[in-house]
Amino acid sequence: MRGFTWMLLPFALLCAGADASKGPAPLVAFVSPRTSNAMLRPPTENQFDRREPIISARHAVERLSLHRRHDGTAEMCELDAFVHVQVDSLSKDSFADLDAATPFSLKKRAMLAPQQMVFEAMEQKSTSFADELKNAVHELCGTEKKIFNIPIPNLKSHETQLISKLSEIDSEYPEYIVLVTGSNEHAMTKRQAGPALHYTPKSKFLERNQLFSPATVLALGVVAFLLFCTIIAVAMISSTESPDRLAAPSRGTSYDKKRN
């Protein structure tokens, strides 16, 4: 049985599984709207090989680099960038839960893409897809090729942020491929232990730095009060004379008394 199944992506995205599967997760690949590259076209008959129903991350990356130009260069190297979306909870019904009618719809973007490809199940136990993709791109296309890694907990709750990020990439990298996979267990554990690595929209300078938060205002008030008290104290001290100087007789008066 072949390790990947060719199917119509709209059918694959609309069909939902009864339960979220654990372990191997699907791989959904589609190109950007302005991409003319045909690297996701079906392989020829002599390019097929027999693989297990669940493919490895390495085999998935090999499929991406399958088609070559006459000079032997992988066709995927003609792309401007690679966008790898790593979803912590990805299953067969993840895309089915998305609404294709919303303005920020990942399902609609994938279904209307010039080319799509779906792997039913891919495991990342031995090596992660992110590492395999990075190694293959750098080896075949050079280290200057841009790779975006976007980790998110799930598609449905972070769909708007993901589409916003893809829109930003559109303006700078017109031709790219989006690869939606499950997260590698090691990478997911590392992200959970550290700070969250997800895309956040740009905010205003004051909102981003919180210059006028309640704590900041309170601290400024205390500093201003202490500064005011210090100024008053210095002014009072400078306006009064020392008691010793007030009680001491003048030297001129003592000298006159001695002469008399």
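A brief report on the enclosed structure follows. This one's a predicted model, so the numbers in the text were calculated from it and none came from an experiment.

1. Topic: the pairing of strand E4 (residues 116-123)
In terms of burial, E4 is a largely internal element, six of the eight residues being buried. Examined bridge by bridge, strand E1 (residues 25-31) and E4 share five bridges and lie antiparallel to one another. Residue pairing for E4: Val28 is matched across the bridge by Val118. Bridge count between strand E2 (residues 55-56) and E4: two bridges; the pairing is parallel. Directly across from Ile55, in E4, lies its bridge partner Met122.

2. Notes on the packing of aromatic side chains
All told, the structure shown has one aromatic pair when counted by the stated rule. Summarising the aromatic geometry, the rings of Phe148 and Tyr173 are spaced 5.5 Å apart at their centres and angled 75 degrees between planes, so their arrangement reads as edge-to-face. Here the residue Phe148 occupies a position in strand E5 (residues 146-152), and Tyr173 occupies one in the loop between helix H5 (159-172) and strand E6 (176-182), the gap between them amounting to 25 residues. According to the relative accessible area criterion, Phe148 is buried, its value standing at 14%.

3. Looking at the side chain of Arg109
Within the secondary structure, Arg109 sits in helix H3 (residues 106-111). Polar side-chain contacts of Arg109 include one of 2.6 Å to the side chain of Tyr176. The contact partners of Arg109, leaving out residues within four places of it in the chain, are Phe30, Pro33, Ile163, Leu166, Asp170 and Tyr176.

4. Overview of a nonpolar patch on the surface
A contiguous nonpolar surface patch, about 420 Å² in accessible area, is contributed by Leu218, Val222, Phe225 and Leu226. Tracing the sequence through the fold places Val222 in helix H8 (residues 214-239).

5. Comments concerning the state of the cysteines
By definition, a disulfide links two cysteine residues through a covalent bond between their sulfur atoms. According to the stated counting rule, one finds one disulfide in the structure shown. Paired through a disulfide, Cys77 and Cys141 show a sulfur-sulfur distance of 2.0 Å. Negative torsions about the S-S bond denote left-handed disulfides, and the value of about -80 degrees found for Cys77 with Cys141 makes this one left-handed. One end of the pair, Cys77, is in the loop between helix H2 (57-64) and strand E3 (81-87); the other, Cys141, is in helix H4 (residues 129-141), and 64 residues separate them in sequence. Given a relative accessible area of 13%, Cys77 falls into the buried group. Given a relative accessible area of 13%, Cys141 falls into the buried group.

6. A closer look at the environment of Thr73
With respect to the helices and strands, the residue Thr73 is situated in the loop between H2 and E3. What Thr73 contacts, discounting residues up to four positions off in sequence, is His67 and Arg68.

7. Section: H4
Between its first and last C-alpha atoms H4 spans 17 Å; for 13 residues at 1.5 Å apiece the expected length is 18 Å, and the two agree. Every buried residue of H4 is accounted for by Phe129, Glu132, Leu133, Ala136, Val137 and Cys141. Mapping the buried residues of H4 onto a view down its axis gives an arc of 125 degrees, with all of them on the same face. Buried residues belonging to H4 abut E1, H2, E3, E4, E5 and E6. Two residues or fewer after H4 comes Gly142, characterised by a positive phi angle close to 100 degrees.

8. What to know about the sheet that holds E4
If you trace the six strands from one edge of the open sheet to the other, you get E2-E4-E1-E6-E3-E5, paired in mixed fashion. Every interior strand has two partners, whereas the edge strands, E2 and E5, have only one. Running over the sheet, H4 touches E1, E3, E4, E5 and E6 and is turned about 170 degrees from E3. Relative to the sheet, H5 contacts E3, E5 and E6, its axis offset from that of E5 by approximately 170 degrees.

Reading the values: the criteria
- Residues numbered from 1 in each chain as written.
- Predicted model: local features only at pLDDT ≥ 70, side-chain atom pairs only at ≥ 80, totals over all residues.
- Heavy atoms only, no water.
- Buried < 20%, exposed > 50% of the residue type's maximum accessible area, 1.4 Å probe, protein only.
- Helix = DSSP H or I, 4+ residues; strand = E, 2+ residues; numbered from the N terminus.
- Pairing = 2+ DSSP bridges.
- Phe/Tyr/Trp six-rings, centres within 6.5 Å; stacked < 30°, edge-to-face > 60°.
- Polar contact = N/O pair within 3.5 Å; in protein donor to acceptor, adjacent residues only side chain to side chain.
- Contact = heavy atoms within 4.5 Å.
- Patch = residues over 30% accessible without salt bridge, like charges linked within 9 Å, V, L, I, M, F, W, Y side chains within 5 Å.
- Areas by Shrake-Rupley, 256 points an atom, 1.4 Å probe, with all protein chains shown as cover.
- Salt bridge = Lys/Arg side-chain N within 4 Å of Asp/Glu carboxyl O.
- Disulfide = S-S within 2.5 Å.
- Expected span 1.5 Å × (residues − 1).
- Arc of directions from axis to C-beta.
- Axes fitted to C-alpha atoms, helices over the stretch in contact; angles between N-to-C directions.

From the geometry alone we can't say anything about function, so treat these as descriptive.
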